Structures are given as C-alpha cells and as structure tokens.
Amino acid sequence: MEHYNMNLTLKVWRQKDENSRGRFETYEVKDISSEMSFLEMFDVLNERLVQENKEPIVFDHDCREGICGACSMYVDGRAHGPWQKNTVCQLHMRAYKDGDTIVVEPWRSASFPVVKDLMVDRKAFDRIIQAGGFVSVNTGNAPDANVIAIDKAKSDEAFDAAACIGCGACVAACPNGSAMLFVSAKVSQLALLPQGDPERRTRVMNMVQQMDKEGFGNCGNIYNCEAECPKGISVKNIARMNREFLGASLSSEV
Amino acid sequence: MALDAKIPAGKLDQKWNDYKDHVSLVSPANKRKLEVIVIGTGLAGASAAATLGELGYQVKSFCFQDSPRRAHSIAAQGGINAAKNYQNDGDSVFRLFYETVKGGDYRSREGNVYRLAQVSGNIIDQCVAQGVPFAREYGGLLSNRSFGGTQVQRTFYAAGQTGQQLLLGAYSALERQVSLGNVTMYSRHEMLDIVKIDGAARGIIARNLVTGKLERYFGHAVLICSGGYGNVFYLSTNAMGSNVTAAWKSHKKGAYFANPCYTQIHPTCIPVTGDHQSKLTLMSESLRNDGRIWVPKNKGEKRKAIDIPQEDRDYYLERRYPAFGNLVPRDVASRAAKERCDAGYGVGTTKMAVYLDFADAIKRYGKVEVHKRGLNDESAETISKLGKEVVAAKYGNLFEMYEKITGENPYEVPMRIYPAVHYTMGGLWVDYELMTNVPGLYALGEANFSDHGANRLGASALMQGLADGYFVIPYTLGNYMAGQIRTNAIPTTHTAFEEAENAVKERIEKLMSIKGTESVENFHKRLGKIMWEKCGMARNEKGLTEAIEEIKALRKEFWENVKVPGGIFEMNPELDKAGRVADFLELGELMCKDALNRKESCGGHFREESQTSEGEALRNDEEFSYVAAWEYTENNEILHKEELHFELAKPSQRSYK
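What counts and what doesn't
- Residues numbered from 1 in each chain as written.
- Chains lettered and ligands numbered in written order.
- Predicted model: local features only at pLDDT ≥ 70, side-chain atom pairs only at ≥ 80, totals over all residues.
- Helix = DSSP H or I, 4+ residues; strand = E, 2+ residues; numbered from the N terminus.
- Rg over C-alpha atoms; globule rule 2.2 N^0.38 Å.
- Buried ≥ 20, exposed ≤ 12 C-beta atoms within 10 Å, placed from the backbone.
- Contact = placed C-beta atoms within 7 Å.
- Pairing = 2+ DSSP bridges.
- Axes fitted to C-alpha atoms, helices over the stretch in contact; angles between N-to-C directions.
- Domains from an automatic or database assignment.
- Nonpolar A, V, L, I, M, F, W, Y, C, P; charged D, E, K, R; others polar.
- Parallel < 35°, antiparallel > 145°, perpendicular 65-115°, else oblique.
- Left-handed = near helix turned anticlockwise from the far one by under 90°.
- pLDDT = per-residue confidence, 0-100.

1. Looking at the overall build of chain B
Logical step 1: If you tally the helices and strands in chain B, you get 17 helices and 21 strands.
Logical step 2: The globule rule puts the C-alpha radius of gyration for 657 residues at 26 Å, and the 24 Å found for chain B is close to it.
Logical step 3: Each principal axis of the C-alpha distribution contributes one length, and for chain B these read about 80 × 55 × 50 Å.
Logical step 4: By the burial criterion, 59% of the 657 residues in chain B qualify as buried.
Logical step 5: Considering only residue pairs separated by 6 or more positions, chain B has 73% of its internal contacts joining residues 24 or more positions apart.

Right, dumping it as structure tokens:
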C-alpha cells in the first residue's frame, strides 16, 4: 500500500465539563502519515499540546481494535467517521488527503451528557441492560451445554445481534436520538435463543420502559443507526423488538 | 516468610472435591453483612462480582473504563478451551491438565491446573445458559476448533469475538446483580492503594476519574482482577488503559509478585509501521489452523508474495516441527519468526514480518464446497469464490480488521505478521485459594500467576479468568469469610484509611508539581524500548544488567522531568497515565531482575545462554523448578522460592517435532 504524508485542519469540540459551554477550536496538524490511525493523529496533536503547555483533548478510547466500544467521535457529521462498518479507532488516515479540514464532535444526545471535550457519559446503556438485558441464571444452575440443540440459523442470527459493542453510534446518528438499535439488539439476541425464552415478555417491557425513562427518542424508520453501526447491526432487530413488545403488551395480565 | 501454597492433600483428581467438601461455609444471613471489593470487570472480575453478588455478599465493583463491559477481555478473539470431549477425539480433564502443564514448560502448579481443567466444562455450561451465542454445527450442537499446542479440538468459539461474547455474558450477570442491589458499580474509578488493618486487606483508596477526588471504601476482602502488565512494553496487544497499578500497589503493600519475567509474545500480530504506532493488533491464533506461515527462501527476495513459486518458499514451522507444523505453541512460533527475520529473510518494508497465507486453505475449502453442493463446475474461479466464502465465515471479522489497518486484502495476498507482547503469565503470587500472602487480598485471572507457568496455551486465558471468577473464588472466599463474621464493617475514618489516602494524595501532588519538559507518553515509549530490546523475545545477562541500570536512570529522570498538564480535580487522562507509567517504571526493573535470576530458558522466557544445539529453549529443572516470588522492601526486592513438585506431569524436554 502506497503511503503519503498530509497537513490537515482540525476543528475540535472543547468543553471543560458537563456544565460548561463548549466551543470549536481549530488546530493545524502537519506531516500526518496515511498509515496512522485517526486516534494516533490525535495522539500526535495531544503530544504537541502538552509541549505547548495546553490541555490535551480528552476522548474515550481503549482497545483500539474496534471491539471495546469506548471510542466515540462524530467526524464530519458522521458517527465514527467516513468508513462503513467501522469504529473511529479503526479509521486510518488514508481516508484523507492533504489540505482536508475535519470537524470532530462528541456524540450528541441529551441522554449522553458530555464529560469533557469528546468524552460522554453512556451509563444510560448500562441501566437499560440492568432493566432486563440478561438471563436470570445464577452460577452453578446450568445444565450441560449440549442438552439444548439450537437451530444454527437462529443461533447465527442471535450472534449477529450480540455483536453490538454498546458504543452509542446509533443514538448519535439518529435525528431523534433513539436507542432502539442498541436495545433491540439485546432483546433480539435473547428472544432468538431458548435460554432467553422464559423472561422474554418481562425483558422487553422493562428494557423499553427504561429506554424511555432515560429520555431516548423514538424510532422514525430513518435507518441512520444501521448505516452508521460499526458492527452492522440490522434494523430488523428493531422490527423484532416491536413485535416482542406488542406481543408482551397484549399477553400481559391486566 | 515461608510460602505455603496450601494445596490440599490427596490425589490430584480428588483435591478440589475434597476441598469443597470440607471448606468452611458462611450462612446466607452472614453473607449479607460481609463486604467484598472487586477491582476490574474483565472475565475474572465480572464473573467473580456477579457470582459473589448472587451468593448474597455485598459487592463493590470498580473499573477505570466508562462501563464494565469495556474491560480488555472483550478483545479476546479465538476461543475458550474446555475438556468436554464433544468431538470424541480423545480429550479428557487429564489431557487438558497435562497439556497446560507441558505447554507452560513445567513451571506451573499441578494442583491449580488440574482444578482449572476440572471446572472448564462448567464454564461452557454456564455461558450457554446465559445466552452466549457460541458457534454451532448444523445439528444444533456446539462447534469446536483446534488451537496451538494441542492435538484435539476442545476450543469453543463465537467467530473471532469469543472474548466479547463471554464478557458480555459475565457483564449481563453483573448488571443483573447491580439491579438487585447486591453489587454497587463504580465505573471511571481507579484503585490507587490497598488499606491494611492489622495485617489484613480491609479496603482501598480509589480516585474518581471524573471529579479527581479520592474516595475510601471498606471491604472484608479485596479481589484484584485487574489483568496483566503487558503495557510495560509500551507496544502490546493490550488496551491503551491496561495497567499494573492495582497489582503493583498490592505488591508494595506486601503481596509477593511471582515470575514477573514470564511474558507471552504472540506470534501473529500486525507488524509495526512507524513511530506513531500506539498499539499492536492481534490476529487470532486460530488463523494458524488454516493459514500457512512462510518466508522466501532467498535473502533479498524482490518479488511479490503471490509471484513467488512454491519451491522458493520456506514454510519454516512445517519444516522444523513436522508433528505440530503451524500449530506449535506461541513461544515456539514467535521465536521461529524472530529467527528467520534476524537471519535476513523477513518481508515487507521493515523486513520484520513473515507471511501468513490462506491460499491453500481457500483452495481446499473451495473443492469441498464444490463436492458438497454437487456442482460440475471445478474451475479455479468457482473454487476460489466458494473457498473464500468458507474462510470468511470462519475469520471474516479478522480479515476485515486486517484490511482496515493495512489497506491490503488478505483474501488475495498473504497477511504480514510479526510477534508482539500479548499476555503476562507472571502476576501476584496466590495460594490454592487464590489468596495472596496478605490475608484477605486475592488475585484472579491474568493478575495472578498460578496456572500458565512460563507459557500460556491459546484459548486458556478466558478459561482461567472465568474458572477463577465463577467456580473457584465463590468457594475459597467463603473459607476466609467464615472467619470474618464477627468483624463489623470498619468506618473509613479509621487512621489506616487516612494514612493511605494521604500517601496517595502526596504522590499525585508530586506528579503535578514536577512540571518538567517531557511528556508521560515519551517516558513510556522509552521504557518500552528498553524492555522490548533487552527483556523481550530473547534475553541475556549483559542486556538485562544494562536494562536494570537504564530503567533506574529513566525512573529518576521521570520523577525530575515529567510534565503533567491540567489539574487534579478534573478529568485528566494525562495524570491517570502518569501514575500508571510511574508504576511500570518500577515493575520493569523487577522483570529484568527476575529474568536475570532465572538462568534457564523456559516457555516465554528465553535466555540465550540456555539453548540446545538446535536453538530450542533449554530448561534447567535442577536449579530452577521453582516459582520466584518477590517481596517488596524499600530498597530491594527479596526473592522467595516456592518449589514445584510434579506428581503426574513429569517434566520432560518439550518437543513439538
């Protein structure tokens, strides 16, 4: 792969803490290699800011392999930047050319308050899982793993839903700030598997209730979430969750 | 202090059952009054916190990430071993035990490893019950694959995302306990010291990373589940935040650190491209099931990989180790790659890489598919197309990841790979009950030293983390807690908490007050370079002696010239990192010291002075069949030895030929 160096202009959202007003700051970065990752470019910029006695830009990141779900940058109006099925930590600078200007913001959602700069608080997702994103099975309760045969197609579908990394890109990408792709991925995974069956009704009711309580918006069938999801979670899961919810609502005792 | 591993008496296969039959129990009413602190929410920490919560203990769980689901176990790709023998290929608890001890080059403890193999099957049962979507066959039952260092298929997997699925299972169990009020979760919190009262661990000092404030927490026991210390090398496959701080603080409060020099260099990682590199990415070992590793036979080969004919390729693992071929254990595969590159046969721009080639696998699977589907078309295009589909189903996400990072398509051209630091077998010394030598202080998962000896086999880290958390600690902690039922919760106004907090505060203020000229990142890079060059894949007396002096000097420079921007009472990742790097600067020296002391080669520890005429690692059982457990003192680390005894797995020279 041919590689090259470039100079870029970055407009980055800076915000001291949750309650302060934020603003864009402009930075020029030079000699960025096309082989760098997007976050490595931020490392280079931060190193320079430290040398200039300025505060480096704060952002969430950890594994840098696209699996932990920590990184969360809104790049030029797109969650995780220009590449499809990608987290921003896996975005590489060959996506850009010399002279480009790049605008970087945090996830925008009332349910994800800004902690500092590009870092947001996603505890709302943990609370939704607490509401029902599990199978109630204590350690030691389990029968032999091969006692239940599971249709491979269903199992694969459950796996596809379970691939969600909980990054919140779906919320950031949605004009309504809806979390339905995230919630439906967990609901679907467990609804597709026999292990999740006993609690399927209470699970979907409780998780949806918590989702609403957290202030996430409703789904408007725009499908930005699917388009920007780094793991390609399908909006079919939302349809399944709606069916599960309707079924649970109709069959629940009044 | 004499090291007592407290291995139960009796036959190896009866020890754990006997232990469980006679261990002290705590009544449900008493459990509700007992508090446990768990540091870290990876497989070991999340499974321990969830299970102890289920049992009724009051658990406080801490992680530095924004959510417990992000702990680095999430990134494990390949799989988890279990002695289920679902494939009817001769597997058993004994074989898993034996291969783990052998793979660890006879430097692990038989009792612990046997127990690990015994509970391995329960882990799979538990995970499936939680809804973990393991790969399945068309008949609906679980699928297995083989992994390096073994000749049976005992690895359970979920595509290349096994760690993610297992961790999300443990995380969901943990969140369930949070919702039930049995676990209190403290995310974005970092443990910065252990509080000891009358010699026992009674709590921690943690820093709230959002507000910067120091907080005190009491626990009747403290569990360190904070993972490994591979980031001492700066570049590793660990997450950026992975650190040794919790384990190191425990060490400085009296817990022995065992076998720190045992580090695993994983053979299949994406090579370094330049100085900007912040971390390295693993390509799962499972790829070696189907990928063939080779380098050109001719030095200075200019042709592209696909243009080099078979006769000019050196499949050096198949050549040197015909019995295991590309599936030799990680340490062997890594050294063989280094040997070829050092000899001048490396590929790519840096010449520090070898090829991992899937062309043969694509052809083989393509042919099978043609027959399976009854197609008449045996053209190369059809075979290649169908073969690629099969390979994509097995490794699709890994291939995508490779392409994103390198910009090359591994379905068409061979991957380029090189070894990188991946896992640390050393860690806090623990006894059979996973307790360190400090009463009430435990270490689980990668943070302890006990099960992998000098080299860990693939797909065994996930197994150990979950074994410790789900199936070992719930029993062994009870044995200690039974003696704690008369101890009321100690108020955190106790002087021990105050003193510990003051010491932590002083250190943070010191870091902020230096206001030097060099960034934390730079110090970390410089440390990593010393460690990689002198305490990496090959080590010798001269290099290690030099490294110790260089690290000492670097540490001095750090404390005189580090530059930490920002303030204390705010979100300040530079300050967090400064504290972690300061700890790595102490650990690095101990690793070199341990490596210097161990004048033998074993597993991941290769001393150039100790090798066979064929360049294989040469153990010295006469002198070094012991666990090196280091005690921290103000001026020096003191070595304590735990002799290893082998009842069933008699040490022999490892051979994969």
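2. Description of the environment of Tyr27 of chain A
Residues and elements named next belong to chain A.
Logical step 1: Following the sequence through the fold, Tyr27 ends up in strand E2 (residues 23–33).
Logical step 2: Under the C-beta neighbour-count criterion, Tyr27 is labelled partly exposed, with 17 such atoms within 10 Å.
Logical step 3: In sequence terms Tyr27 and Leu10 are 17 residues apart; their C-alpha atoms lie 5.1 Å from each other.
Logical step 4: Residue contacts for Tyr27: discarding those within four places in its chain leaves Leu10, Val12 and Leu45.

3. Remarks on the sheet that holds strand E13 (residues 313–314) of chain B
All names here are of chain B.
Logical step 1: Judged by pairing direction, the sheet is antiparallel, and its 5 strands sit side by side in the order E11-E15-E14-E12-E13 without closing on themselves. Of all the strands in the sheet, the pair left with one neighbour each is strand E11 (263–269) and E13.
Logical step 2: Strand direction decides the pairing type here: strand E12 (residues 292–296) and E13, joined by 2 bridges, are antiparallel. Residue pairing across strands places Pro296 opposite Arg313, the latter belonging to E13.
Logical step 3: Together, E11, E12, strand E14 (354–357) and strand E15 (415–424) form the strand contacts of helix H9 (residues 330–342), whose direction differs from that of E11 by roughly 65 degrees.

4. A word on the domain arrangement of chain A
The accessible area lost on association of the parts is a frequent measure of interface size.
Residue and element names in this part refer to chain A.
Logical step 1: Under the domain assignment, chain A is made up of domain 1 (5–115) and domain 2 (123–251).
Logical step 2: Computed from C-alpha coordinates alone, the two centres of domain 1 and domain 2 are separated by 29 Å.
Logical step 3: On the side of domain 2, 16 residues touch domain 1, which itself brings 18 residues to the contact.
Logical step 4: The residue makeup of the side of domain 1 that touches domain 2, split by class, is 7 nonpolar, 8 polar and 3 charged.

5. Section: the pairing of E11 of chain B
Residue and element names in this part refer to chain B.
Logical step 1: Extensive coverage of E11 is indicated by the burial of 7 of its 7 residues.
Logical step 2: Direction of pairing for E11 relative to E15: antiparallel, over a ladder of 5 bridges. Across the sheet, Cys269 pairs through a bridge with Tyr418, a residue of E15.

6. Quick notes on the sheet that holds strand E1 (residues 5–14) of chain A
All names here are of chain A.
Logical step 1: Within the open sheet, the 5 strands sit side by side as E2-E1-E5-E3-E4. Their pairing is mixed. With one partner strand each, in any of the chains shown, E2 and strand E4 (78–79) form the two edges of the open sheet.
Logical step 2: In this sheet, E4 lies alongside strand E3 (residues 74–75) in antiparallel orientation, the contact comprising 2 bridges. Its bridge partner being in E4, Tyr74 is matched across the sheet by Ala79.
Logical step 3: Of the strands in this sheet, E1 and E2 are in contact with helix H1 (residues 38–51), which crosses E2 at around 105 degrees.

7. So, the interface of chain B and chain A
Logical step 1: Across the boundary between the two partners, chain B contributes 65 residues, which contact 66 residues of chain A.
Logical step 2: Looking at the side of chain B that touches chain A, the elements that each hand over two or more residues are helix H3 (43–55), helix H5 (110–130), helix H6 (162–179), helix H11 (380–406), helix H12 (461–481) and helix H16 (573–597) of chain B.
Logical step 3: Across the side of chain B that touches chain A, the residue classes tally to 25 nonpolar, 24 polar and 16 charged.

8. Some points on the packing of H3 of chain B against H12 of chain B
The relative placement of two packed helices comes down to the angle between their axes together with the axis-to-axis distance.
All names here are of chain B.
Logical step 1: Interaxial distance between H3 and H12 falls to 8 Å at its minimum, and their mutual angle equals 30 degrees. For the element pair H3 / H12, the angle class is roughly parallel. Judged by the sense of rotation from one axis to the other, the crossing of H3 with H12 is right-handed. Contacts from Leu43, Ala44, Gly45, Ser47, Ala48, Thr51, Leu52 and Leu55 in H3 reach Leu462, Gly465, Leu466, Asp468, Gly469, Tyr470, Ile473, Pro474 and Leu477 in H12.
Logical step 2: Of the residues that constitute the contact of H3 with H12, the class distribution is 11 nonpolar, 5 polar and 1 charged.

9. Let's talk about the domain arrangement of chain B
Residues and elements named next belong to chain B.
Logical step 1: Examined at the domain level, chain B breaks down into domain 1 (265–421) and domain 2 (495–620).
Logical step 2: The distance between the C-alpha centroids of domain 1 and domain 2 comes to 34 Å.
Logical step 3: Each partner contributes to the interface: domain 1 provides 7 residues, whereas domain 2 provides 6 residues.
Logical step 4: For the side of domain 1 that touches domain 2, the leading source of residues is H9, giving 5 residues.
Logical step 5: Here the side of domain 1 that touches domain 2 is built from residues that sort into 2 nonpolar, 1 polar and 4 charged.

10. Things to note about the environment of Ser24 of chain B
Residues and elements named next belong to chain B.
Logical step 1: Residue placement: Ser24 occurs in the loop between helix H1 (15–22) and helix H2 (28–31).
Logical step 2: With 454 residues separating them along the chain, Ser24 and Gly478 place their C-alpha atoms 6.4 Å apart.
Logical step 3: Leaving out residues up to four positions away in the same chain, Ser24 has contacts with Gly478, Asn479 and Ala482.

11. Concerning the confidence of the model for chain B
Logical step 1: Averaged over every residue, the pLDDT of chain B is 95; the share at 70 or more is 100%.
Logical step 2: Both scores are given for the predicted complex: the pTM is 0.96, the ipTM 0.98.

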